[in-house]
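# Coordinate analysis (summary)
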Amino acid sequence: MTTVVSPSLDPSTAAIAKEVFANLGLVFWSFQLLPQVIQNYRSRSTGNLSFGMVLLWAAWACPFVAGALRANLAPPLIIQPNLFAFFSVICAVQIVYYARLPPSTSTADLETSLDHSVAATSPKAGQAPLGGDVGLPGDVHEESSKIVGTTDDFAIALSDETGEVKEAEPSSPPTHPNRRPISVTTAVILFALSLAVVAGGEAGLYYLTKALDASESASVRSLSTVIVSTAPFIVIIGLVPQFFDIFKQKSCKGISPIFLGLDILGGLFSIASLLFHEPPFDVVTALSYIGVVILDTVIVVLGIRLGF
């Protein structure tokens, strides 16, 4: 039987080429998010990485795995989407955990900013301390500013001659490097629950498609195909929130270029594998792969222009 690439190509050679490219694509698309996870951990920030993107990518595994089980595909084709969902969930939890830190701000940067803020409020040589007794002309009552509280809470207080303290709301309180919206324990629980939801979605859609396939109605059976066919489109749609965040913030900071490179390579190898498949050519799957490569490449170009 001939292949799409060349009618004279030996079928066994085409089969080997198809498997080689498919396995390469499988490897790259299993671990492409691992560099992003490592970068998030090292920088203690997720920058402009889109929460919506990784959330949709985790949800992508549900229809894909259901379709893979329904078609009795090889175990690697079932393991790959689960690894992809696993790292997507980690990224989603990291975005929540590191939410209080602004993009590309390290702990050292925050401590330096903190030192500058404290130095700015310290009295200079020959200058009376803030809140000290300073003579004022006329009947003007003494009012001086005083820093109260700890460095975690930069509240400005105004004290008058009666000793009363009136707190003023800080305009932009700095973020403490150790303060998180959720604890480590809560993050672990959230991670475990998210994986359980993904696993439940996979199992639920699998049994749903089996039930639909058992129907005597052709229209009902077609719904099973529609469900599993949504997977390629979820991957493409998942990149839309990332573009929205990039254009909104005008920055690609926090997005790992290594992750994008691995994602592009995974798409290219997967496209090459399809070229060696026996006819008919899978146009829908090929378009989804091409879409991922193009959109990832656009993000790389934006990252070069705006900065990673």
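A few points on the structure.

Thresholds, definitions, all that
Residues numbered from 1 in each chain as written. Predicted model: local features only at pLDDT ≥ 70, side-chain atom pairs only at ≥ 80, totals over all residues. Heavy atoms only, no water. Helix = DSSP H or I, 4+ residues; strand = E, 2+ residues; numbered from the N terminus. Buried < 20%, exposed > 50% of the residue type's maximum accessible area, 1.4 Å probe, protein only. Polar contact = N/O pair within 3.5 Å; in protein donor to acceptor, adjacent residues only side chain to side chain. Salt bridge = Lys/Arg side-chain N within 4 Å of Asp/Glu carboxyl O. Axes fitted to C-alpha atoms, helices over the stretch in contact; angles between N-to-C directions. Parallel < 35°, antiparallel > 145°, perpendicular 65-115°, else oblique. Left-handed = near helix turned anticlockwise from the far one by under 90°. Contact = heavy atoms within 4.5 Å. Nonpolar A, V, L, I, M, F, W, Y, C, P; charged D, E, K, R; others polar. Expected span 1.5 Å × (residues − 1). Phe/Tyr/Trp six-rings, centres within 6.5 Å; stacked < 30°, edge-to-face > 60°. Lys NZ or Arg CZ within 6 Å of the ring centre and 35° of its normal. 1 Å grid on protein atoms, 1.4 Å probe; cavity = no way out; pocket = protein on both sides within 12 Å on 5 of 7 lines; lining within 4 Å. Points joined across faces, edges and corners; volume = space filled by probe spheres on them. Core = buried A, V, L, I, M, F, W, Y, C linked by side-chain atoms within 4.5 Å.

This paragraph deals with unusual backbone geometry. Positioned with a positive phi, Arg-44 is a non-glycine residue whose angle comes to about 55°. Within the fold, Arg-44 resides in the loop between helix 2 (34-43) and helix 3 (51-70). Taking the relative accessible area as the measure of exposure, Arg-44 reaches 30% and is therefore partly exposed. One non-glycine residue, Lys-250, lies in the positive phi region at around 55°. Turning to its location among the elements, Lys-250 is positioned in the loop between helix 8 (231-249) and helix 9 (257-275). Relative accessible area serves as the criterion here: at 60%, Lys-250 is assigned to the exposed category.

Let us look at the side chain of Ser-50. Relative to the elements of secondary structure, Ser-50 occurs in the loop between helix 2 and helix 3. Ser-50 sits in the buried class, given a relative accessible area of 1%. One polar contact links the side chain of Ser-50 to the main-chain amide nitrogen of Gly-52, over a distance of 3.3 Å. Separated by 3.2 Å, the side chain of Ser-50 and the backbone nitrogen of Met-53 make a polar contact.

The next point concerns the pattern of salt bridges. As enumerated under the stated definition, the model contains 1 salt bridge in all. The residue Asp-213 makes a salt bridge to Arg-70 at a minimum N-O spacing of 2.8 Å. Remark: Arg-70 occurs in helix 3 and Asp-213 occurs in helix 6 (residues 184-213); sequence separation between them is 143 residues. Since its relative accessible area comes to 30%, Arg-70 is described here as partly exposed.

Where helix 3 contacts helix 6, the two axes come as close as 8 Å, and the packing angle between them is 40°. Regarding the angle of helix 3 to helix 6, the classification is oblique. The hand of the helix 3/helix 6 crossing is right-handed. Each of Ala-58, Ala-61, Cys-62, Pro-63, Val-65, Ala-66, Leu-69 and Arg-70 in helix 3 lies in contact with helix 6, whose residues at this interface are Val-198, Gly-201, Glu-202, Leu-205, Tyr-206, Thr-209 and Asp-213. Of the residues contributing to the contact of helix 3 with helix 6, the split by class is 10 nonpolar, 2 polar and 3 charged.

A rise of 1.5 Å per residue sets the reference length of helix 3, with its 20 residues, at 28 Å; its end C-alpha atoms lie 30 Å apart and thus fit the reference within 8%. Those residues of helix 3 not exposed but buried are Met-53, Val-54, Trp-57, Ala-58, Trp-60, Ala-61, Cys-62, Pro-63, Val-65, Ala-66, Gly-67 and Ala-68. Structurally, the start of helix 3 carries an N-cap: the backbone nitrogen of Gly-52 is 3.3 Å from a side-chain oxygen of Ser-50. Positive backbone phi, approximately 55°, marks Asn-72, located one or two places after helix 3.

Attention now moves to the packing of aromatic side chains. Under the definition given, this model contains 14 aromatic pairs. Note on Phe-86 and Phe-87: the rings are 5.3 Å apart at their centroids and 75° apart in plane angle, and the pair reads as edge-to-face. Residue classification places Phe-86 among the partly exposed residues on the basis of a relative accessible area of 30%. Taking the relative accessible area as the measure of exposure, Phe-87 reaches 9% and is therefore buried. Plain terms: the ring middles of Tyr-97 and Tyr-98 are 5.1 Å apart, the flat faces sit at 65° to each other, and that makes the pair edge-to-face. Taken together, the aromatic side chains of Trp-57, Trp-60, Phe-64, Phe-84 and Phe-259 make up a single cluster linked through ring pairs. When the ring centre of Tyr-41 is taken as reference, the NZ or CZ atom of Arg-44 above it lies at 4.5 Å.

This paragraph deals with the layout of surface pockets. Volume-wise, the largest pocket comes out at about 1200 Å³. Considering the residues around the largest pocket, the lining is formed by 38 residues, among which Phe-64, Leu-73, Leu-77, Thr-285 and Tyr-289 are closest to the centre. Residue assignment for the lining of the largest pocket shows that the elements contributing at least two residues are helix 1 (11-31), helix 3, helix 4 (75-97), helix 7 (218-229), helix 8, helix 9 and helix 10 (283-306). In the lining of the largest pocket, the residues fall into 22 nonpolar, 11 polar and 5 charged.

Our next topic: the side chain of Gln-80. With respect to the helices and strands, Gln-80 occurs in helix 4. For Gln-80, the residues in contact, after removing those within four places along its chain, are Leu-26, Trp-29, Ser-30, Trp-60 and Phe-64.

This paragraph deals with the nonpolar core. Core analysis: the biggest nonpolar cluster contains 41 residues, and Leu-33, Met-53, Trp-57, Trp-60, Val-198 and Phe-259 have the highest contact counts within it. For this core, the secondary-structure elements that each account for two or more residues are helix 3, helix 4, helix 6, helix 8, helix 9 and helix 10. Among the elements that take part in this core, helix 4 stands out by supplying 11 residues, more than any other. Sequence-distant contacts of Val-198, defined by excluding residues within four places in its chain, comprise Ala-58, Ala-61, Cys-62, Ala-85 and Val-89.

Next up on the list: the packing of helix 9 against helix 10. One way to put it is that helix 9 packs onto helix 10 with a least axis distance of 9 Å and a crossing angle of 155°. Our classification of the angle between helix 9 and helix 10 gives roughly antiparallel. The crossing of helix 9 and helix 10 is left-handed. Residue-level contacts link Leu-260, Asp-263, Ile-264, Gly-267, Leu-268, Ser-270, Ile-271 and Leu-274 of helix 9 to Thr-285, Ala-286, Tyr-289, Ile-290, Val-292, Val-293, Asp-296, Thr-297, Ile-299 and Val-300 of helix 10. Split by residue class, the contact of helix 9 with helix 10 holds 12 nonpolar, 4 polar and 2 charged.

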